[in-house]
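Below are the chains, spelled out letter by letter.
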Amino acid sequence: MAAADRTWIAFDLETTGLNPKDDRIVEIGAVRFDGTGREVAVFERLVNPRRPSHPRARAVHGIDDAVLAKAPPAEAVLPEFLEFLGDPDLTTLLAHNASFDAAFLGAELARLGRAMPGHGVVDTLALARRGLPHLPSHRLDGLARHLGLDPYGPHRALADSRRVMSLWLALGGEAGLQGRAAVFPIHDPSGPPPPPRGWESLAEAVSRGWPVRVVYEGGSRGDAPRTITPRRFAHRGGVVYVVSLCHIDAKEKEFRLDRMRAYEVVRPPEPGGNVG
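Description of the structure in this document. Each chain has its residues counted from 1, running along the sequence as written. For a predicted model such as this one, the threshold for reporting local features is a pLDDT of at least 70, and the threshold for listing and counting side-chain atom pairs is 80 or more; totals across whole chains, interfaces and linings nevertheless cover every residue. Excluded from the side-chain calculations are hydrogens and water; all other atoms, namely the structure's heavy atoms, are used.

1. Re the overall build of the protein
Okay, step 1: By the criteria applied, helices consist of DSSP H or I runs no shorter than four residues and strands consist of E runs no shorter than two, each listed in order from the N terminus. Helix and strand counts for the protein come out as 8 helices and 11 strands.
Okay, step 2: A compact globule built from 276 residues would reach a C-alpha radius of gyration of about 19 Å, and the protein, at 20 Å, matches this within 12%.
Okay, step 3: Overall size of the protein, expressed as C-alpha extent along the three principal axes, is 65 × 40 × 40 Å.
Okay, step 4: Per-residue burial over the protein gives 47% buried out of 276 residues.
Okay, step 5: Whether two residues touch is decided by their heavy atoms; if any such pair falls within 4.5 Å, the residues are in contact. For the protein, the proportion of contacts with a sequence separation of at least 24, taken over those separated by at least 6, is 63%. Using C-alpha atoms as the atom set, the radius of gyration is obtained and then compared with a globule rule of 2.2 Å times the number of residues to the power 0.38. Relative accessibility under 20% of the residue-type maximum defines a buried residue, over 50% an exposed one, and the middle range a partly exposed one, all with a 1.4 Å probe and only protein chains included.

Structural data, given as structure tokens:
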């Protein structure tokens, strides 16, 4: 694949509320751009959620329920959006607090009986936390003010998509990743939260109940190796945790994936194999 063929899509969703299992998408905005930051195409659609928005959500996006009642429903808009996303081998998706958008999009697709697309969603919130650790807040509007990225425009899906694009470029774009990206799959949130891509071995340990030896930065025990039994993943504020039984303290604790410097799954011996 030639580098010139790859494009990026920054996208944002406005919703009726914060729970992807119960709430619905009301607006989708997205901007496709190339490696130079040149816009190639945009996508902007209202979506009829067939239910009112929560007052707090409406106060944020300002979209009236009467306007949404005249918009096409998700079953009409989502196929158009999936076509806009294109080939996952040629397109990288970007979102701020990507686990939120990946879960909402996945929930809508699951309700329609549609397969999950193969795109990963890079989280610009996680990148901003690492690249600008001194800031008191890493909300998109605060970052836009700090970096001068059109901070006073409307809080709507397309406007926020352009802010995500500008933030990505301000953080160095693809060159600024350096292996630090949290990349979330688009997923059905009715199941357990998935890990970011690249942590499949840890996910297997969760599903099989296998212990894991980790080197963890910032814990009370320093960076000495410890053994944990991971039980489930949790997403909060752009940070991914693995909730685990810590063998040192004999209690359940949360470990941030971005502070795991190394890990090794302790697989049981194969049946009939040599032990010891």
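Having put the structure on the table, let's press on.
2. What to know about helix 3 (residues 74-85)
Okay, step 1: Between its first and last C-alpha, helix 3 extends 16 Å over 12 residues, near the 16 Å set by a 1.5 Å rise per residue.
Okay, step 2: Three or more residues of helix 3 are buried, namely Ala74, Val77, Leu78, Phe81, Leu82, Phe84 and Leu85. Relative to the axis of helix 3, the buried residues are bounded by an arc of 155° and lie together on one face.
Okay, step 3: In the stretch just after helix 3, glycine 86 is the one whose phi turns positive, near 75°. The span you would expect from a helix comes to 1.5 Å times its residue count less one. The arc in question is the one traced by the directions running from the helix axis out to the C-beta atoms.

3. So, the environment of serine 201
Okay, step 1: Tracing the backbone shows serine 201 in helix 8 (residues 200-208).
Okay, step 2: Classification of serine 201 by relative accessible area gives partly exposed; the value is 32%.
Okay, step 3: Distance from serine 201 to serine 137, taken between C-alpha atoms, is 32 Å for residues 64 residues apart in sequence.
Okay, step 4: In this structure, serine 201 is in contact with Tyr263, Val265 and Arg267, ignoring residues within four places of it in sequence.

4. A short note on the sheet that holds strand 11 (residues 260-265)
Okay, step 1: Pairing between strands requires that DSSP locate at least two bridges from one strand to the other. Strand order in the open sheet made by the 5 strands is 10-9-8-7-11, with antiparallel pairing throughout. Two strands bound the open sheet, and with one partner strand each, they are strand 10 (251-256) and strand 11. Neighbouring strand axes in the sheet, compared pairwise and without regard to direction, differ in orientation by 35° on average.
Okay, step 2: Relative to strand 11, strand 7 (residues 212-216) is paired through 5 bridges, and the arrangement is antiparallel. Its bridge partner lying in strand 11, tyrosine 216 is registered against methionine 260.
Okay, step 3: Inter-axis angles, ranging from 0 to 180 degrees, are taken between N-to-C directions of lines fitted to C-alpha atoms, where helices are fitted over the stretch in contact. Those strands touched by helix 8 are strand 7, strand 8 (226-236), strand 9 (239-246) and strand 11, and its axis lies near 105° from that of strand 8.

5. So, the pattern of salt bridges
Okay, step 1: Put simply, a salt bridge is a Lys or Arg side-chain nitrogen that is within 4 Å of an Asp or Glu carboxyl oxygen. Under the defined criterion, the tally for this structure stands at 18 salt bridges.
Okay, step 2: The partner of arginine 208 in a salt bridge is glutamate 204, and the shortest N-O contact between them spans 3.1 Å. Of the two residues, arginine 208 and glutamate 204 are both situated in helix 8; the distance of 4 residues between them amounts to about one turn of the helix.
Okay, step 3: For glutamate 204, a relative accessible area of 25% corresponds to the partly exposed category.
Okay, step 4: The closest approach of N and O atoms between glutamate 252 and arginine 232, which form a salt bridge, is 3.1 Å. Here glutamate 252, found in strand 10, pairs with arginine 232, found in strand 8; they are 20 residues apart in sequence, far enough to count as distant.
Okay, step 5: Taking the relative accessible area as the measure of exposure, arginine 232 reaches 42% and is therefore partly exposed.

6. A look at the packing of helix 3 against helix 4 (residues 98-111)
Okay, step 1: For the pair helix 3 and helix 4, interaxial distance at closest approach is 10 Å and the crossing angle is 120°. Regarding the angle of helix 3 to helix 4, the classification is oblique. As helix 3 runs across helix 4, the sense of the crossing is left-handed. Residues Ala74, Leu78, Phe81 and Leu82 of helix 3 form the contact with helix 4, whose participating residues are Leu105, Glu108 and Leu109.
Okay, step 2: Here the residues of the contact of helix 3 with helix 4 are counted per class, giving 6 nonpolar, no polar and 1 charged. Each angle is binned into one of four classes, with values under 35 degrees roughly parallel, values over 145 roughly antiparallel, values of 65 to 115 roughly perpendicular, and all other values oblique. Each crossing gets its hand from how the near helix is turned against the far one by less than a right angle, where anticlockwise is left-handed and clockwise is right-handed. Under the scheme applied here, ten amino acids are nonpolar (Ala, Val, Leu, Ile, Met, Phe, Trp, Tyr, Cys and Pro), four are charged (Asp, Glu, Lys and Arg), and all others, including Gly, are polar.

7. Overview of the side chain of threonine 16
Okay, step 1: In this fold, threonine 16 is placed in the loop between strand 1 (7-15) and strand 2 (25-33).
Okay, step 2: Those residues within four positions of threonine 16 in sequence are excluded, and the remaining contacts are Asp23, Arg24, Val26, Pro49, Arg51, Pro52, Ser53, His54 and Ala57.

8. Points about the side chain of serine 53
Okay, step 1: Tracing the backbone shows serine 53 in the loop between strand 3 (39-46) and helix 1 (55-61).
Okay, step 2: Aside from chain neighbours lying at most four places away, what touches serine 53 is Thr15, Thr16, Val26, Arg58, His61, Asp65 and Leu68.

9. Overview of the sheet that holds strand 1
Okay, step 1: Here we have 6 strands laid out as an open sheet, ordered 3-2-1-4-5-6, and mixed in their pairing. Since the sheet does not close on itself, it has two edges, and those belong to strand 3 and strand 6 (183-185), each with one partner. Shown here is a sheet whose adjacent strand axes are inclined to one another by a mean of 25°, direction ignored.
Okay, step 2: Sheet topology note: the strand 1/strand 4 (residues 91-95) ladder contains 4 bridges and is parallel. Along strand 4, the bridge assignment pairs threonine 7 with threonine 91.
Okay, step 3: Sheet contacts for helix 3: strand 1, strand 2, strand 3 and strand 4; angle to strand 3, the most-contacted strand, approximately 170°.
Okay, step 4: Against the sheet, helix 4 makes contact with strand 1, strand 2, strand 4, strand 5 (120-123) and strand 6, and its axis sits at roughly 75° relative to strand 1, the strand it touches most.

Read these as layout, nothing more, since geometry by itself doesn't imply function.
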